[in-house]
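Tertiary structure, described
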Amino acid sequence: MVLLGVNVDHVATLRQARGGREPDPLMGATLAILGGADGITVHLREDRRHINDRDLRLMRQLVSIELNLEMAPVGEMVKIALETKPDMATLVPEKRRELTTEGGLDAKGDFKKISEAVKRLKDGGIPVSLFIDPDEKAVEWAAKTGADMVELHTGYYSNAGAAAKAKELRKVEASMGLAKSAGLLVNAGHGLDYSNVAGIAFLPGLRGLYIGHSIVSRAVLVGMQEAVARMKALIAGPDRK
Ligand code: PXP
């Protein structure tokens, strides 16, 4: 069975739009769990633009399925991870100005920084996954860091037009084979939605998929009818038709 890790960052993005208390990503996580999620992912960014330290702390208390902490391989985040003890950590590159994680880690260029973070996390009992591009060299260098898993970046596949899709899928498939031969568990994620997930989900040997934006987007829409009907009922009051 392929695991589904649900990223609830964008529930917090909506909260931050007003700077108030709702919607709370903890409630998003609870409902995702009721819906059958196998894991919950949160990305604690350096600028705390969505998930914050309170969310992560409470998430650790709430989530008894896999809690995956997405984080940059930097000292501050390693320290927080070692204190919070998520069930796994996924190391991602992080740029302040990006809208979302843009590309995979440069496991070769940042080898020292990444391997040190991997070692500290693993020494603290936290399994580590590296978010990398579906590329032979990236897989090779990821394996050298001592990480347990990789998460192959499916954004290129997801964004490709019809002509390039098959080629991008083959890259993911080939990288998956290489990663497995190197003894790594293989996850995938980024940009997956209701129309493109099947192409990736049926690749043999996949451990898990990590999906956020499309699930939160659909959740906003499928809940709209009920939310409006409830408000209408409150406005009408018990006696007014
Ligand atoms: N995996 C990683 C490493 C990510 O950075 C993200 C985005 O936060 C996701 C998966 C989920 O991507 P999406 O929101 O496009 O489903």
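This text gives an overview of the structure that appears in the document. Every chain is numbered on its own, with residues counted from 1 as its sequence reads. This being a predicted model, a pLDDT of at least 70 is required before a residue's local features are given, and a value of 80 or more before pairs of side-chain atoms are given or counted; all residues contribute to the totals for chains, interfaces and linings. Each side-chain value is worked out from all heavy atoms of the structure, with water and hydrogens disregarded.

**As for helix H8 (residues 162-181)**
Put simply, the test is: Runs of H or I in DSSP of at least four residues are treated as helices and runs of E of at least two as strands, each being numbered from the N terminus. Expected span, for any helix, means 1.5 Å times one less than how many residues it has. The cut-offs for exposure are 20% and 50% of the maximum accessible area for each residue type, with area from a 1.4 Å probe on protein chains only; residues under the lower value are buried, those over the upper are exposed, and the others partly exposed. The arc refers to the directions leading from the helix axis to the C-beta atoms. Residues are treated as being in contact if the distance between any of their heavy atoms lies within 4.5 Å.
Taking 1.5 Å of rise per residue, 20 residues should cover 28 Å, and H8 covers 30 Å from first to last C-alpha, within 8% of that figure. Where H8 is concerned, the buried positions are Glu168, Val172, Ser175, Met176 and Ala179. The arc that holds the buried residues of H8, viewed along the axis, is 110 degrees, so those residues lie on one side. Seen from the buried face of H8, the exposed residues on the opposite side, beyond 90 degrees, are Ala163, Arg170 and Ser181. Where the residues of H8 are buried, they touch helix H6 (136-144), strand S6 (149-153), helix H7 (155-159), strand S7 (185-189) and helix H9 (197-201).

**Considering the nonpolar core**
Applicable threshold: Side-chain atoms within 4.5 Å link the members of a nonpolar core, which is a set of buried Ala, Val, Leu, Ile, Met, Phe, Trp, Tyr and Cys residues.
Within the largest apolar cluster, 55 residues are counted, with the highest numbers of intra-cluster contacts made by Leu91 and Leu130. Non-local contacts of leucine 130, meaning those with residues more than four positions away in its chain, are made with Leu91, Leu105, Ile114, Val118, Ala142, Thr145, Ala147, Met149, Val150 and Glu151.

**A word on the side chain of threonine 90**
Short version of the rule: For this analysis, a polar contact is any N or O atom pair within 3.5 Å, provided that within protein one partner can donate a hydrogen and the other can accept it, and provided that sequence-adjacent residues contribute only side-chain to side-chain pairs.
Mapped onto the fold, threonine 90 is located in strand S4 (residues 88-91). Within the structure, threonine 90 has its side chain in polar contact with the side chain of asparagine 68 (distance 2.8 Å). If sequence neighbours within four positions are ignored, threonine 90 has contacts with Asn68, Leu69, Glu70, Met71, Ser129, Phe131 and Glu151.

**Structural notes on the site of the ligand**
For clarity, the threshold we go by: Consider each residue's heavy atoms; a residue with any of them within 4 Å of a molecule or strand counts as near. Note that accessible areas follow from Shrake-Rupley with a 1.4 Å probe, and for residues the cover is restricted to the protein chains shown. Three classes are used, and their members are as follows: Ala, Val, Leu, Ile, Met, Phe, Trp, Tyr, Cys and Pro are nonpolar, Asp, Glu, Lys and Arg are charged, and the others, Gly among them, are polar.
Residues in contact with the ligand amount to 13 residues; listed here are only the nearest, Glu70, Thr101, Glu151, Gly191 and Gly212. Glycine 212 has a polar backbone atom sitting 2.8 Å from an oxygen atom of the ligand. Alone, the ligand offers 400 Å² of accessible surface; in the complex the protein occludes 93% of this. Class assignment of the residues belonging to the shell around the ligand gives a composition of four nonpolar, seven polar and two charged.

**Description of the sheet that holds S6**
Basically, it comes down to this: Strand pairing is assigned whenever DSSP detects at least two bridges linking the two strands. All axes are obtained by fitting lines to C-alpha atoms, using only the stretch in contact for helices, and the reported angles, taken between N-to-C directions, cover 0 to 180 degrees.
Strand order in this closed barrel of eight strands is S1-S2-S3-S4-S5-S6-S7-S8, and the pairing throughout is parallel. With strand direction ignored, the average angle separating the axes of adjacent strands in the sheet is 25 degrees.

**Focus on the packing of aromatic side chains**
Rules: Planes of paired rings set the category: under 30 degrees apart is stacked, over 60 is edge-to-face and the rest tilted, where pairs are Phe, Tyr or Trp rings (Trp by its six-membered ring) whose centres lie within 6.5 Å. Charge-over-ring placement is defined geometrically: NZ (Lys) or CZ (Arg) within 6 Å of the ring centre, and within 35 degrees of the ring normal.
Summed over the entire model, instances satisfying the criterion amount to one aromatic pair. Look at phenylalanine 111 and tryptophan 141: their rings are 5.4 Å apart centre to centre, the planes differ by 75 degrees, and that puts the pair in the edge-to-face class. Here phenylalanine 111 is found in helix H5 (residues 111-123), whereas its partner tryptophan 141 is found in helix H6, with 30 residues between them in sequence. Taking NZ or CZ as reference, lysine 144 lies 4.0 Å from the ring centre of tryptophan 141, over its face. Positioned over the ring face of tyrosine 194 is arginine 218, at 3.8 Å from the centre of the ring.

**Remarks on the pairing of strand S1 (residues 3-7)**
Of the pairings in the sheet, the one linking S1 to strand S8 (residues 208-211) comprises four bridges and is parallel in character. Pairing of leucine 4 across the sheet is with leucine 209, part of S8.

**Re a nonpolar patch on the surface**
As a reminder of what qualifies: Nonpolar side chains (Val, Leu, Ile, Met, Phe, Trp, Tyr) within 5 Å and like charges within 9 Å form the patches, drawn only from residues with over 30% relative accessible area and no salt bridge. One speaks of a salt bridge when a side-chain nitrogen belonging to Lys or Arg is within 4 Å of a carboxyl oxygen belonging to Asp or Glu.
Together, Leu14, Val220 and Leu221 give the surface a local cluster of nonpolar side chains, amounting to about 290 Å² of exposed area. Residue placement: leucine 14 occurs in helix H1 (residues 9-18). On the basis of relative accessibility, which here comes to 47%, the residue leucine 14 falls in the partly exposed class.

**Things to note about unusual backbone geometry**
For the bond running from glutamate 22 to proline 23, omega is 0 degrees, close enough to zero to count as cis. Turning to its location among the elements, proline 23 is positioned in the loop between H1 and helix H2 (25-34). You will see that arginine 48, though not glycine, has its phi angle at about 50 degrees, which is positive. Tracing the sequence through the fold places arginine 48 in the loop between strand S2 (39-43) and helix H3 (53-62). Notably, histidine 190 is not glycine yet its phi reads approximately 105 degrees, a positive angle. As for its position among the elements, histidine 190 is in the loop between S7 and H9.

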